[in-house]
Amino acid sequence: PHTGRLALYLLGLRAPCPPPHPHRLLVTRLKYYLEEDWTGSQRHGHPLTSYYQYGLGVLALCVHHKRVREEVIRRLLTAQNHGKLGHSGNAVDTEAVVALAFTCLEQRKLVGSKLAAELQAATHRASRGMAEAQGPDGVIGNIYSTPWALQVFLATGTCQTEPEFSKALAALLENLKAFGTAATMAQVLPVLHSRSYLDIASMHCQEEPDTLTPLDMEPLPEVPGNKTVQLVVECPLPWCYELRLYDRPVLVPASASLLDVLQAAAALEPHDFKFHTQDTPQGPFLTQVLGLEARQEKRNYWQLLTAPDSPLQMGIADYRPQDGTTVILRLSEW
């Protein structure tokens, strides 16, 4: 089920003040997706998509002032109580989305008082957890999860009391170039205006002139010449007996992204490098390298690093390594 995609679409429909008639068909479809999504828990112990998308679905329904069955809410509450919401930066993303959904349900009074108190306590735990996850550079999780965390601080009114807020906002302003896709821009723009996704639930829409005009996006400037990127694949125990599975220089155009580097490596003779990606709202996500698939039930993922051991703060389509950079794809555990 396309839970997350439809949830983002419904949030987008609400944001620009839609026509008066409700989007009943889409809301009904999202409710159906939430139930279909949960069938995965019977086999895998988690939704077919992810807790991130499941939380987005609950948030979108709340923003449209639609009640959600208590059982659906408790699925997220139980997952948070048992620490099942993700790993590293992804954990911050998911914790924040779920916290925003809980805050929306509580503030819009769409749940009873007993459940509202539980949701408030869960949101407080998530907020403190995100504050504790802040690195020395101000980033919370990673640069893309930082806007989500800031939205939670804004939605709960703790931005004035959390010292982590100003530090994270400063880090965000220093890394705005990382937000180059529509999905990542949608996460960061509300924060830059001291707003969260919850604010679109309480907007008072009035007749507005049609002032929206298409924006001509300028293509990225072409950089002349080529560059060489050293591509390394590592697979530690217990998944592999040999740590370094691939280590080869890859020649690419000077403006190439990491995704371009992977594609160039796959085209080299002999064709011993293969990889697969999965499309997400944040861009392509690396799921398989050299036939080794990262699987949530195995609690592993492909971590992206630059040598010797610095995690990347950008996705494979956005990161553009410099000439001579060594990029490491490491199968890691969370």
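A few points on the structure.

Thresholds, definitions, all that
- Per-chain numbering applies: the sequence of each chain, read as written, is numbered from 1 onward.
- Side-chain atom pairs in this predicted model are given and counted only at pLDDT of 80 or more, local residue features only at pLDDT of at least 70, and totals for whole chains, interfaces and linings cover all residues.
- Note that the side-chain values use all heavy atoms of the structure and ignore hydrogens as well as water.
- Here a patch means residues that are over 30% exposed by relative accessible area and free of salt bridges, tied together within 9 Å if like-charged and within 5 Å if nonpolar (Val, Leu, Ile, Met, Phe, Trp, Tyr).
- Shrake-Rupley sampling with a 1.4 Å probe provides the accessible areas, and residues are treated as covered by the protein chains on show and by no other component.
- The salt bridge criterion pairs a side-chain nitrogen of Lys or Arg with a carboxyl oxygen of Asp or Glu, the two atoms within 4 Å.
- A run of DSSP states H or I qualifies as a helix once it reaches four residues; a run of E qualifies as a strand once it reaches two. Both are numbered from the N-terminal end.
- What counts as an axis is a line fitted to C-alpha atoms, over the stretch in contact for a helix, and the angles between N-to-C directions run from 0 to 180 degrees.
- In this scheme, a crossing is called left-handed if the near helix is turned counterclockwise away from the far one by less than a right angle; it is called right-handed if the turn is clockwise.
- Contact between two residues is taken to exist if any of their heavy atoms lie within 4.5 Å; hydrogens are not considered.
- Three classes are used: nonpolar for Ala, Val, Leu, Ile, Met, Phe, Trp, Tyr, Cys and Pro, charged for Asp, Glu, Lys and Arg, and polar for all others, with Gly counted as polar.
- DSSP-based pairing: two strands are paired if at least 2 bridges between them are found.
- Defined by distance alone, a disulfide is two cysteine sulfur atoms within 2.5 Å.
- Whether a residue is buried, partly exposed or exposed follows from its accessible area with a 1.4 Å probe, protein chains only, as a fraction of its type maximum: under 20%, in between, or over 50%, in that order.
- Stacked, edge-to-face and tilted are the three classes for Phe, Tyr and Trp ring pairs, Trp counted by its six-membered ring, which pair at centre distances within 6.5 Å; planes under 30 degrees apart are stacked, over 60 edge-to-face, the rest tilted.

Before going further, it helps to spend a moment on a nonpolar patch on the surface. Nonpolar side chains collect at one region of the surface, where Leu173, Leu176, Met185, Leu189 and Leu192 lie side by side and expose about 400 Å² of accessible area between them. The element contributing the most residues to the nonpolar patch is helix α10 (residues 182-192), with 3 residues. Relative to the assigned elements, Met185 resides in helix α10.

Okay, the packing of helix α8 (residues 146-155) against helix α9 (residues 163-174) next. In helix packing, the relevant descriptors are the interaxial angle and the interaxial distance, both defined with respect to the helix axes. Packing of α8 against α9 brings their axes to within 10 Å, and their N-to-C directions diverge by 145°. Once α8 is placed against α9, the crossing between them reads as left-handed. Packed against α8, whose contacting residues are Thr146, Pro147, Leu150, Phe153 and Leu154, the element α9 presents Phe165, Ala168, Leu169 and Leu172 at the interface. Within the contact of α8 with α9, the residues separate by chemical class into 8 nonpolar, 1 polar and no charged.

Another aspect to go through is the sheet that holds strand β6 (residues 300-306). Taken together, the 5 strands give an open sheet; going across it, the order is β2-β1-β8-β6-β7, and neighbouring strands pair in mixed fashion. At either margin of the open sheet sits one strand with a lone partner, and together these are β2 (244-253) and β7 (310-311). Summarising the sheet, strand β1 (residues 226-234) and strand β8 (residues 326-333) pair through 5 bridges and their orientation is parallel. Bridge pairing in β8 places Val232 opposite Ile328. Across the sheet, helix α11 (residues 258-267) touches β1, β2, β6 and β8, and the angle it forms with β2 is around 110°.

Right, let's get into the state of the cysteines. The tally for this structure, following the rule as stated, stands at 2 disulfides. A sulfur-sulfur distance of 2.0 Å marks the disulfide that ties Cys62 to Cys104. A torsion of -95° about the S-S bond marks the disulfide between Cys62 and Cys104 as left-handed. Residue Cys62 is located in helix α4 (residues 51-63), and its partner Cys104 is located in helix α6 (residues 88-107); the two are separated by 42 residues in the primary sequence. Taking the relative accessible area as the measure of exposure, Cys104 reaches 1% and is therefore buried.

What follows concerns the packing of aromatic side chains. Aromatic ring pairs are described here by two measures, namely the spacing of the ring centres and the angle between the planes. Counted under the stated rule, the structure contains 9 aromatic pairs. When the ring of Phe153 is compared with that of Phe165, the centres are 6.5 Å apart and the planes differ by 70°; the resulting orientation is edge-to-face. Of the two residues, Phe153 is situated in helix α8 and Phe165 in helix α9; the sequence distance between them amounts to 12 residues. For Phe153, a relative accessible area of 0% puts it in the buried group. The class for Phe165 is buried, based on a relative accessible area of 12%. By the ring-pair criterion, three or more aromatic residues cluster together here, those being Trp38, Tyr51 and Tyr54.

Here we take up the pairing of β1. Pairing of β1 with β2 involves 9 bridges; the strand directions are antiparallel. Pairing of Lys227 across the sheet is with Val252, part of β2.

Bringing the pattern of salt bridges into the picture now. This structure, assessed with the given rule, holds 11 salt bridges. Notably, a salt bridge pairs Glu71 with Arg69, separated by 3.0 Å at the nearest N-O pair. Salt-bridge contacts for Arg330 lead to Glu234; the nearest nitrogen and oxygen are separated by 2.9 Å. In this pair, Arg330 is assigned in strand β8 and Glu234 in strand β1, connecting sequence segments 96 residues apart. Neither Arg330 nor Glu234 differs from the other in exposure class; each is buried.

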